[in-house]
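One letter stands for each residue in the lines below.
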Amino acid sequence: MSLNPQQLEAVQHEKGPLLILAGAGTGKTRALTHRIAHLVKNAGLAPGRILAVTFTNKAAGEMKKRVEELVGPKARELWVGTFHSTCVKILRKHALEAGIAPTFTIYDASDQLSVIKQVLKDLNLDDKKFPPNSIVNRISRLKDQLMTVENLRSEASGPFNKKLVDIYEMYEKLLQQSNALDFGDLIARSVFLFEKQTHILKGYQNLWQQILVDEYQDTNRAQYRFVSLLAAIHKNLCVVGDPDQSIYRWRGADLNNILNFEKDYPEAKVIRLEQNYRSVQNILTAASVVIANNELRKEKNLWSEHPAGAKITVTSLNSDRDEAAFVIEQLRLLHTTQKIPYTDMACFYRTNAQSRALEEALQVAGIPYVIYGGVRFYERAEIKDALAYLRALQHPEDSVALKRIINVPARGIGKTTIGRIEGVALEQNITFFEAAKTVEHNKLQEFLKWLELMNRIIHSKETTLVELLQKVLETSGYLQFLSGQGSVEAEERLSNLNELMAGMSEFESLQDFLDHIALITDLDQATEGGVLPLMTLHLAKGLEFRNVAILGLEEGLLPHSRSQDELEELEEERRLFYVGMTRAKERLWITHAWRRFYNGQEQYSLPSRFLEELPIEVIEKIDHSKRWRVEKEEEFDEFDQRDWEERKVAKRDTESYRIGVKVKHPDFGVGYIAASEKTSLGEKVTVKFSNGMIKKLIAEYAHLEKI
């Protein structure tokens, strides 16, 4: 396939800032890789003078592969990687100037959580008032904003934020003791290094004469600052992105980075990629009309040479179970009648909890499926254990790794002993490893001697990485521990460990291998073959399928209830819907249910406002619901001798607010009756309002008006 005129223009632009506004499915990766090839082959730039930054390891690998196909083996000299992998290389090389040890460990989200739990314990703080997961997220966002402990302290007000300063400070102290950096540190420390050591910054500014950044709409403040510093002199910065696909605000992404690019670089050239190579025109038309309702965007007009295709099916169903059954039946029919494999289909939803009804329907139908974003290979217990052994050997000061394997398999080092070690470490301000050496405990000291023996083997460099892990797992008793269980699950775990060893063979050093593993994120997970993928809309980004179903288009779900009060949040929900729609190549089903079992209870829902934005000419509406006849099933009462019909009539006679009746409240607005029952106080009604609120009210006192 040749380049279209806009792609060619982007490829041949050689000097100055360039903004490529690339709509969904418009061939941005092709444009990027051909641009790199052009710079090498035609502009005479050495591959090592080009930095290309992506958001996933998968995207970086694909880019390297495609460029190598265009320019040959010299493409291996390119700097292509994620922000994090690029910064790891910089920090390893300039560790001393950055104020860290070159052998630092990289902590992932689970490691961060372990450290925060330790911090809360040391500070004697209630984890209900300071939920560990929320604190981890808060600190990560602070680092995305380049906010240090000192910055936070100067701005903190109120008791919670002042305690957050204490937590952040001790968290940083424990990371330093463990010689560890978290993901946020990798970029923030690189920025601080450039700002303080300008000679190092100038070296990289001279080295990288061309900088390319993919998915620029997803960059946070730290990433923005990193790129801005590097491009400050030559300004040969090419960013590619689409404001309409910015869906990671909750992770710190700042949409303004791409919206304000032309303000940052007034001389920038802007090229729009609008020819879509993925979807039929009906899907593009619908998606474009929906996203046009957003204010925070840059105008694009997606078009395709594909035919109009089938209309988008928008279906109303009575319940989430009916919804799941309907969607599965549509996909099964395609599979049986048109022989379309399930891997060419996908089901998207807003929240993980929505997969339950789908999974039940798929199990009944006997259709194989995979939950995309489920337990990943490197998050499995046995893999985490093996990696913790290797981390503890490479970096004994890594307290998180050491605590994980100190008594796995059980070797008589219990919680009491671990608590003693933690107490010594806190009191003497030393590492967990150093504290362990001072605690008298035979089993503990035997374990530490074994660690020292394995550590000598690492540094002797007489064994390969595979042989090293094999020896570690054998001599620690871990393999015997698994083998002795004699279960199918244990056999699978042993198989996973063998798979881990197979993947180690391509790495030259243990540090390289550990860095590679630490930098793998949830965005790098691949779908499994031969099965139907189920995933949240966030995880659908960057993927494509012939046939797609988006479930749960309801107020409170999509848009989510947390996102209805603020323009920026609501527009991100619309972008999320847009991303889901534009994954589909040929067919798209959109569904909503009037009743849904959610958060442990049955709830009644209104259709999403986004459904009203779909252009009527490209959709087909199907009503499979019984909206006005939905009755909550009566519970059997052995003392009530009336038959079911008599009881139902009696209930109607005593209730003036029937299910489905539209009402208006002076404060909450318009809604409809979702449930009603007689109580000693009067008729208690559950009202689902159009703004997503659900209220239980006593009708006689609520000033409800039937409409």
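Refer to the preceding data block for the structure.
Not measured: the values here are computed from a predicted model. (Residues numbered from 1 in each chain as written. Predicted model: local features only at pLDDT ≥ 70, side-chain atom pairs only at ≥ 80, totals over all residues. Heavy atoms only, no water.)

> What exactly am I supposed to notice about the overall build of the protein here?
Each helix and strand in the protein was counted, giving 30 helices and 21 strands. Taking 2.2 N^0.38 as the reference for a compact globule, 707 residues should give roughly 27 Å; the C-alpha atoms of the protein span a radius of gyration of 29 Å, in line with that estimate. Its C-alpha atoms give the protein principal-axis dimensions of about 85 × 70 × 55 Å. Here the protein holds 707 residues, and 54% of them are scored as buried. Just so you have it, the protein exposes about 32600 Å², and 49% of that area is on carbon and sulfur atoms. When the 93 positive and 100 negative side-chain charges of the protein are each reduced to one mean point, those points stand 2 Å apart. (Helix = DSSP H or I, 4+ residues; strand = E, 2+ residues; numbered from the N terminus. Rg over C-alpha atoms; globule rule 2.2 N^0.38 Å. Buried < 20%, exposed > 50% of the residue type's maximum accessible area, 1.4 Å probe, protein only. Areas by Shrake-Rupley, 256 points an atom, 1.4 Å probe, with all protein chains shown as cover. Lys, Arg positive; Asp, Glu negative; His and termini not counted. Charge placed at Lys NZ, Arg CZ, Asp CG, Glu CD.)

> Where do I start with the packing of helix H7 (residues 132-144) against helix H9 (residues 159-177) in this structure?
For any two helices packed against each other, one specifies the inter-axial angle together with the distance between the axes. Closest axis-to-axis distance for the H7/H9 pair is 11 Å, and the angle between their directions is 80 degrees. By the angle class used here, H7 and H9 are roughly perpendicular. Of the residues in H9, those in contact with Ile135, Arg138, Ile139, Leu142 and Lys143 of H7 are Phe160, Asn161, Leu164, Ile167, Tyr168, Tyr171, Glu172 and Leu175. By residue class, the composition of the contact of H7 with H9 is nine nonpolar, one polar and three charged. (Axes fitted to C-alpha atoms, helices over the stretch in contact; angles between N-to-C directions. Parallel < 35°, antiparallel > 145°, perpendicular 65-115°, else oblique. Contact = heavy atoms within 4.5 Å. Nonpolar A, V, L, I, M, F, W, Y, C, P; charged D, E, K, R; others polar.)

> Which parts of the structure should I look at to understand the nonpolar core?
Most often, soluble globular proteins keep nonpolar side chains buried together rather than apart. If you look at the biggest cluster of nonpolar residues, it comprises 48 residues, and the most contacted ones within it are Phe447 and Phe513. Apart from residues no more than four positions distant in its own chain, Phe513 is found in contact with Leu387, Leu390, Leu465, Leu500, Met504 and Phe507. If you look at the next biggest cluster of nonpolar residues, it comprises 47 residues, including Ile100, Leu146, Ile200 and Val227. (Core = buried A, V, L, I, M, F, W, Y, C linked by side-chain atoms within 4.5 Å.)

> Please explain unusual backbone geometry as it appears in this structure.
Trans peptide bonds make up most of the peptide bonds, and negative phi angles are found at most residues other than glycine. Geometrically, the link from Val408 to Pro409 is a cis peptide bond, its omega value of 0 degrees lying close to zero. By secondary structure assignment, the location of Pro409 is in the loop between helix H19 (399-405) and helix H20 (415-428). Residue Leu558 is joined to Pro559 through a cis peptide bond whose omega torsion reads 10 degrees. Within the secondary structure, Pro559 sits in the loop between strand E13 (545-550) and helix H28 (567-581). Positive phi values are uncommon outside glycine, yet Asn124 reaches one of about 55 degrees. Its place among the elements puts Asn124 in the loop between helix H6 (109-122) and H7. Phi is positive for Asn429, close to 55 degrees, though the residue is something other than glycine. Along the chain, Asn429 turns up in the loop between H20 and helix H21 (432-438).

> It is not clear to me how the packing of helix H18 (residues 381-394) against helix H22 (residues 442-460) should be interpreted in this structure. Could you clarify?
Direction vectors running N to C along H18 and H22 enclose 80 degrees, while the axes themselves pass 9 Å from each other. Relative to H22, the element H18 is oriented roughly perpendicular. Contacts from Tyr389, Leu393 and Gln394 in H18 reach Trp450, Leu451, Met454, Asn455 and Ile458 in H22. Considered class by class, the residues forming the contact of H18 with H22 number six nonpolar, two polar and no charged.

> Could you clarify how one ought to interpret the pairing of strand E6 (residues 210-213) in this entry?
For a regular strand, the rule is simple: side chains alternate between the two faces of the sheet. Burial along E6 is two-sided: the residues Gln210 and Leu212 and Ile211 and Val213 are all buried. Where strand E2 (residues 50-54) and E6 come together, four bridges link them in parallel fashion. Directly across from Leu51, in E6, lies its bridge partner Ile211. One ladder, built from three bridges, connects E6 with strand E7 (residues 237-241); its direction is parallel. Bridging from a neighbouring strand, Leu212 pairs with Cys238 of E7. Where the polypeptide runs from E6 across helix H12 (residues 221-230) and back to E7, its parallel neighbour, the crossover connection is right-handed. (Pairing = 2+ DSSP bridges. Right-handed = clockwise from strand over helix to strand, strands pointing away.)

> Whenever I open this one, the sheet that holds E2 confuses me. Can you help?
Strands belonging to one sheet form pairs held by backbone hydrogen bonds; the direction of such a pair is parallel or antiparallel. Spatially, six strands are ordered E3-E2-E6-E7-E1-E8 in an open sheet, and the strand pairing comes out parallel. A strand with exactly one partner marks an edge of an open sheet, and here the two such strands are strand E3 (79-82) and strand E8 (269-273). With direction set aside, neighbouring strand axes in the sheet form an average angle of 15 degrees. Bridge count between E2 and E3: four bridges; the pairing is parallel. Counted as the bridge partner of Ala52 is Val80 from E3.

> Is there a simple way to explain the pattern of salt bridges in this structure?
Should their charged atoms come close, side chains of opposite charge can pair. Here the structure, examined in full by the defined rule, presents 42 salt bridges. Among the salt bridges present, the one from Glu68 reaches Arg76, with a minimum N-O distance of 2.8 Å. Given a relative accessible area of 26%, Glu68 falls into the partly exposed group. Residue Glu613 is joined to Arg574 by a salt bridge in which the shortest nitrogen-to-oxygen separation is 2.9 Å. One end of the pair, Glu613, is in the loop between helix H29 (609-612) and strand E16 (619-623); the other, Arg574, is in helix H28, with 39 residues separating them in the sequence. (Salt bridge = Lys/Arg side-chain N within 4 Å of Asp/Glu carboxyl O.)

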